[in-house]
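# Structural characterization, general
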Amino acid sequence: MKKTLLLTCMLLLGAISVYAQTQTVTGRVVSEDEPDGIPGVNILVKGTGIGTATDIDGRFSIGVTSADDVLVFSFIGYNTQEIRVANRSEISVTMVADTRALGEVIVVGYGEQDRRTLTSAISSIKGKDVENIPIVSPDQFLQGRAPGVVVNSESGEPGGGMNIRIRGTTSITGNSDPLYVIDGVPIISDNLAATTFGQPTNPLADLNPADIESMEILKDASATAIFGARAANGVVLITTKRGQSGKPVVNINMYAGISEPWRNPNEIRVDGPTFERLQNEASRNNWIDRNGSLDALNPSGQPYNAPFPNPDGAIDTNWLDEIFQTGSIRNLDASVAGGDEKIKYFVSANNFFQEGLVRPADFERSSARMNLDFMVTPRLKIGTSATYSVNTRNRALNGNAIAGALSTAFFYPSNFPIFNDDGTYFRPFWENPVAVANETDYLMKTTRIIGSVYADWEITDGLVFRSTWSIDNNLVEEDRYFNTFLAAGAALNGSAQSFVTRSNNWINENVLTYQKNFGSNNINVLLGNTLQENQFLRTQAFGQGFPSNSFKRIESAAVKNASSTGTSWGIASFFTRINYGYKGKYLFTANMRADASSRFGVDNRWGYFPSIAGAWRIVDESFMEAIRGTVSDMKIRASYGITGNQGGIGDFQALGLWGGMRGGLNLGGVGQPTGPASYVDAPGIAPNQLANPDLRWETTAQFNVGLDVGLWNDRLTLTFDYYDKQTRDLLLNVPVPKSLGFSILTQNFGEMQNRGFELGINASIIEKQDFTWNANFNVSRNNNLVTRLAFPFSTFTRDYVRVEEGYPLNSFWVHVQEGVDPQTGDIIWDTMGDEEFNPNIHRQIFGSAIPRYVGGFTNMVNYKNWDLMVFFQFSEGGDILNYGRFFFEHGGERATGYTTQQLDRWQQPGDITDVPRMASRNYSANLRPSRHVEDGSFLRLKNLSLGYTIPSPISSRVGIGRARIYGMAQNLITWTNYTGLDPEVSTSPSNLVSGVDIAVMPQPRTYTLGVNLTF
């Protein structure tokens, strides 16, 4: 019996042994984004050393020893899954993306870094979180989504300029735009248009937003100092998509829609009869003020006569309806990506078109991109990133341009006709608005190539050398023709301008990186150098007197004139960075960069920009063990460093310059003599700039302290930063004795500070298989103050904007209005303690365009196959000078049209209002009333999208791996007390002038329908 039992046990054990040695499990690993299989997924038998990885199609085969074995599936960017074999021979696995893991590795200057070990203040935006939003340029992604970053669309012109400030404006007359680095290439972000045409163009509109993988915003000195000379305003790192190992994946994304003003512009203008009634009222009031009563005669013995005896029968021309249009928008993106162990590729193409709200503005871009990575040997990799873009703009005068269609539509009263009786445009003074909309002929074409080639050589384990050569070449062609239907062309039988601008930029970078772990010590050392040169060339030609409007090329002009100019600058740099970590919780970073710029004198050419930072991962300490289930991450950061700025000055600003000019005709207005060096037709030279060999770098020192916290396995994360930025040696134009022959000299004088805080919160509110809800919120505040200035000065038309020590930039200089007398209807002025109001004396700073708080709030909800995204943007506390009110709330003092603010005027005793009685003394041209400075706070439903992903069994029937359809609305609702067309736009945007609005094309409300297809 015992022998029988023993034999039976031995047979059973043998059978189990045979099973353990021979069972094989096969299967396939897929995901929603990779329905055809994920290559490279790691698969381990839990508790053993047995493992494998999926092939190019996501398939795997692995041996197991027991039905109770557990297979562990892991891959970067996805949640790890554990699956029990349970006697199965085939297992299919669907990986779920881990949004938190995707954010762990972020791009930093000259490399990547795990966010857990980051010592710097960096915000990151993933391209997939903002894909399919109908925007022209990638910088619009930043609006309201990154704390500490203020992004304003300065107008609604397609392809128009953006005003971006990272932690405030750091310079007064220098450049305050951030440095943009695309795939390691510092690009040229200057406006290259020969004329702003009322608003600058946006060079970043040359790039296709759909190509972007991620955007990192470097904010504190520890993050930016590695870029040294150009990093005082922050750095935006843009990383484009690259290929991955696996079978080719084709993506096609397209959308189309329409756009309209978010606020009806007719709400802020008056019709023809109302215009005439208001003019009559002003006329009556002025007659009474001068002559005592309406029945009295004037000094010439004449009785009162109303200027418009029959207002009810007035013409009513709706100028705004004549120039506005319902704009169209369309976009098509196509890309293919894939590769294997040797070569990886990403190729894309794009066509984008958008019409502006005001005719004839439109923008079209066609672009292509190719990113390649080729593993030559196990230790040598080479690659390239290249984009080619062609865009065309039909431009419309926009902003502070008195001849623009929108501005003249407000200037022209509604009781004016569009045409004369003979069919010509009615033109009593400025250009007719409809003529501007119909006859403007200004085409701007930009051709741009941004490309780089690199080689990575792993010299030995941990030691890598990278060499990169890059170019950013721009060709801008502008052709403008004033036909004989326009005032500018009628007297000259047609007038034409042509500009050809080239900006050629090359850069070479060589970087050596060494990384090594020594037990508990981790060290990463970087050493590199950069050489960069930019060449700027412009040829310009003018002509007048054309046979007819069918001939627009200057070749056909009777009178011609041409000229050309050119300049260049260069930078040589050396830099190093050391990252050190002990046990992964005590972290240290040090940077040093030295830059030499050709723009400064020989003795001050070099600038040195160091930084130091440290961080402590408190969560990894043993005393946190008890609460680690709740507090999953906690880190304190601190940094200090210095960065530089050379932007905003001439390429040879330190030198004494002479200019040569020929007599006769100049370029700005054909037929006028040139400058003082010319004499009749004889050539001559004259000094045009004083030398300043002491000119040196403008520098910004910044201190930052931050806290990063994660709760409940990082389902709730919080980032808080406080910063203090001090800018010194401001590059300013300072007055000099006129005995020198010049009035100003560019010098280093002045100081400014920016202090503030940033808060970012991310929450995974619900995480279920069929239902997820993620939200993020950010808010920031920046306090700007000019702390040292040689002298106060005013800028903008009528000196409305003031720069003065002790006040922030973009301050408004006005006569402070304390109200309107309810009995008389006259303005009550702040006389600053004096008895009588004097407009030449009692003018003071009142408000600033810089907002107190800015931020955004995003909700992303997924339920089964549905997805919903709701994004709000807000700005609180910034003031806007509604400059249009100066002209269009004029109380009868001008012949221009009225805006509806005039309807709130004082009319009889007891009226409570801030708009005074219509009389000359309340609307004199030398008055700058503070009521025109309005609260520009707003809350905007920026983006709302709803999408549906067609179930894969259905889409796969027609060969589509994934198909999603969606609808989106942009700028859907705006809550604001601002009375203008848009609280976000600004006339003549610059460091000095911001938050000023007159006839700027508003941002559109856009509705689009789209589809995403993956094959």
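Read on for a plain summary of the structure. Note that this is a predicted model, so its numbers are computed, not measured.

## Section: the packing of aromatic side chains
Each aromatic ring pair is characterised by the separation of its centres together with the angle its planes make. Under the criterion given, the structure shown has 42 aromatic pairs. Pairing Y412 with F429 gives two aromatic rings, centres 5.4 Å apart and planes at 65°, and the pair type is edge-to-face. Placement of the pair is Y412 in the loop between α6 (405–411) and α7 (433–439) and F429 in the loop between α6 and α7, with a sequence separation of 17 residues. Overall, the relative accessible area of 34% leaves F429 in the partly exposed class. Sitting over the ring of F749, R788 keeps its end group 4.1 Å from the ring centre.

## A word on the environment of M254
Along the chain, M254 falls in strand β17 (residues 246–261). Among the residues examined, M254 registers a relative accessible area of 34% and is labelled partly exposed. Considered as a pair, M254 and I402 are 148 residues apart in the sequence and their alpha carbons are 38 Å apart. Sequence-distant contacts of M254, defined by excluding residues within four places in its chain, comprise N331, L332, Y966, L1009, G1010, V1011 and L1013.

## Re the nonpolar core
Core analysis: the biggest nonpolar cluster contains 53 residues, and I172, I323, L406, V803, F812, Y883 and V996 have the highest contact counts within it. Top contributing element to this core by residue count: α6, with five residues. If sequence neighbours within four positions are ignored, I323 has contacts with L357, V358, R359, A405, L406, A409, P433, V434 and A437. Counting 27 residues, the second largest nonpolar core, distinct from the first, contains I133, V151, L207 and F871.

## Some thoughts on the sheet that holds strand β39 (residues 801–803)
Pairing within the open sheet is antiparallel, and its four strands lie in the order β38-β39-β40-β43. The open sheet is flanked by β38 (793–795) and β43 (844–848), the only strands paired with a single partner. Neighbour to neighbour, the strand axes of the sheet diverge by 45° on average, direction disregarded. With three bridges connecting them, strand β40 (residues 811–814) and β43 associate as antiparallel partners. Considered in β43, the bridge of W813 is made with I845.

## Describing the pattern of salt bridges
Across all of its chains, the model carries 46 salt bridges by this definition. Its salt-bridge partner being D183, residue R369 comes within 3.4 Å of it at the nearest N-O pair. Here the residue R369 occupies a position in strand β20 (residues 362–377), and D183 occupies one in the loop between β13 (179–182) and β14 (185–186), the gap between them amounting to 186 residues. Note on R369: relative accessible area 5%, which makes it buried. Within the structure, one salt-bridge network assembled from shared partners comprises D289, D826, R917 and R921.

Calculation criteria
- Residues numbered from 1 in each chain as written.
- Predicted model: local features only at pLDDT ≥ 70, side-chain atom pairs only at ≥ 80, totals over all residues.
- Heavy atoms only, no water.
- Phe/Tyr/Trp six-rings, centres within 6.5 Å; stacked < 30°, edge-to-face > 60°.
- Helix = DSSP H or I, 4+ residues; strand = E, 2+ residues; numbered from the N terminus.
- Buried < 20%, exposed > 50% of the residue type's maximum accessible area, 1.4 Å probe, protein only.
- Lys NZ or Arg CZ within 6 Å of the ring centre and 35° of its normal.
- Contact = heavy atoms within 4.5 Å.
- Core = buried A, V, L, I, M, F, W, Y, C linked by side-chain atoms within 4.5 Å.
- Pairing = 2+ DSSP bridges.
- Axes fitted to C-alpha atoms, helices over the stretch in contact; angles between N-to-C directions.
- Salt bridge = Lys/Arg side-chain N within 4 Å of Asp/Glu carboxyl O.

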